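Observations on chain architecture
Residue strings, one per chain:
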Amino acid sequence: MLLAIYGAHGLAREVYIIARKINGVYQKWNEYCFIDDVNEITEVNGVKVFKFEELINEKGKNDVEVVIAVGEPSIRDALYHKVKESGLHLVTLIHPGVYIDETTTIGEGVVVAEGVTITANVEIGDNSYIQPHAVIGHDIRIGRHTLIGSNCQIGGGDRIGDRVFMGFLSGTTDHITIGNDSIISAGAIVFRELPEGVIAVGNPARIVKKNEKKTVFK
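In this text, all values refer to a predicted model and were calculated from it rather than measured experimentally. (Residues numbered from 1 in each chain as written. Predicted model: local features only at pLDDT ≥ 70, side-chain atom pairs only at ≥ 80, totals over all residues. Heavy atoms only, no water.)

Right, let's talk about the sheet that holds strand 12 (residues 123-124) for a bit. Spatial ordering of the open sheet is given by 9-12-15-18-21, a layout of five strands whose pairing is parallel. The outermost strands of the open sheet, each flanked by one partner alone, are strand 9 (105-106) and strand 21 (177-178). As defined by bridge partners, strand 9 adjoins strand 12 across two bridges and the pair is classed as parallel. Within strand 12, the position partnered with Ile 106 by the bridge is Ile 124. (Pairing = 2+ DSSP bridges. Helix = DSSP H or I, 4+ residues; strand = E, 2+ residues; numbered from the N terminus.)

Here is the structure:
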């Protein structure tokens, strides 16, 4: 089985580490590759890089699993639908060094990095990414294509929307709702509900502008 990591930059290299850690325990894949449709690169850390169509033409679809390794939520969304429409299988990666309670449900294509704690009755939507050492409290719902940054602390009963980006060391208090396509800056702490499509900074977090382009990285 081939694991194709969709992306070829920093986050993709981190996903490659997670995959190898998983493989050390479960021996799921005998080959890896990266996918990059934009840049003209052929190799990353000794691993081959394909264009998406090139991968399908050379490797087919039967023995290939794909994981999306891009940090921009809107691009995660677009690539998710591209992979699904192609007929390739999206795989969920959970680092062996995490705690996940048995009452948690995790969607398709999710990545959970090292040191994450996920407690009781949590739902994580398809294609979301939980970075290292985040703590996800009880009864939390995280939407699709959302990125939870390293060392985030998410309070109990929260509702985090689709395509949300929470920067490293950010967090929320209990029973907070964050709307789709919002950005929480690094270190910001959310104490009250945030609507869709806003950018919030600081402690306590305050809205500074609209996320009109629905992008994090310029």
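Turning to the sheet that holds strand 4 (residues 47-50), a few remarks are in order. If you walk across this open sheet you meet the six strands as 3-4-2-1-5-6, and the pairing is mixed. Two strands in the sheet have a free side with no partner beyond their single neighbour: strand 3 (43-44) and strand 6 (89-90). By the bridge criterion, two bridges tie strand 3 to strand 4 in an arrangement that is antiparallel. For Val 44, the partnering residue across the bridge sits in strand 4 and is Val 47. Against the sheet, helix 2 (residues 52-59) makes contact with strand 1 (2-6), strand 2 (31-35), strand 4 and strand 5 (64-68), and its axis sits at roughly 110° relative to strand 4, the strand it touches most. (Contact = heavy atoms within 4.5 Å. Axes fitted to C-alpha atoms, helices over the stretch in contact; angles between N-to-C directions.)

Right, let's get into the nonpolar core. Counting 28 residues, the largest nonpolar core has Leu 3, Ile 5, Trp 29, Phe 34, Val 67 and Leu 93 as the members making the most contacts within it. Contributions of two or more residues to this core are made by strand 1, helix 1 (10-26), strand 2 and strand 4. Once residues within four sequence positions are removed from consideration, Val 67 is found in contact with Leu 3, Ala 4, Ile 5, Tyr 6, Val 15, Val 91, Leu 93 and Val 111. (Core = buried A, V, L, I, M, F, W, Y, C linked by side-chain atoms within 4.5 Å. Buried < 20%, exposed > 50% of the residue type's maximum accessible area, 1.4 Å probe, protein only.)

A few words now on empty space enclosed by the protein. For the coordinates displayed, the defined rule picks out one cavity of 30 Å³ or more. Approximately 40 Å³ is the volume found for the largest cavity. What lines the largest cavity is simply Glu 72, Pro 73, Ser 74, Arg 163, Asp 181, Asn 211, Lys 214, Thr 215 and Val 216. For the lining of the largest cavity, the per-class residue count stands at two nonpolar, three polar and four charged. (1 Å grid on protein atoms, 1.4 Å probe; cavity = no way out; pocket = protein on both sides within 12 Å on 5 of 7 lines; lining within 4 Å. Points joined across faces, edges and corners; volume = space filled by probe spheres on them. Nonpolar A, V, L, I, M, F, W, Y, C, P; charged D, E, K, R; others polar.)

On to the layout of surface pockets. In this approach a probe as big as a water molecule rolls over the atoms, and the regions it shows empty are the leftover space. Of the voids in this model, the largest pocket is the one considered here, and its volume is about 360 Å³. Residue lining of the largest pocket: 19 residues in total, with Gly 7, Ala 8, His 9, Ala 69 and Val 70 positioned closest to the centre. Among the secondary structure elements, those contributing two or more residues to the lining of the largest pocket are helix 1 and helix 3 (73-86). Looking at the lining of the largest pocket, the element that brings in the most residues is helix 1, giving three residues. Residues that form the lining of the largest pocket fall into these classes: eleven nonpolar, five polar and three charged.

A few words now on the side chain of Asn 211. Its location among the elements puts Asn 211 in the segment after strand 25 (206-210). For Asn 211, a relative accessible area of 5% puts it in the buried group. Reaching out from Asn 211, the side chain makes a polar contact with the backbone nitrogen of Thr 215 at a distance of 3.2 Å. With sequence-adjacent residues up to four places away left out, Asn 211 is seen in contact with Asp 181, Ile 183, Gly 197, Val 198 and Ile 199. (Polar contact = N/O pair within 3.5 Å; in protein donor to acceptor, adjacent residues only side chain to side chain.)

Keep in mind these values describe shape, not function.
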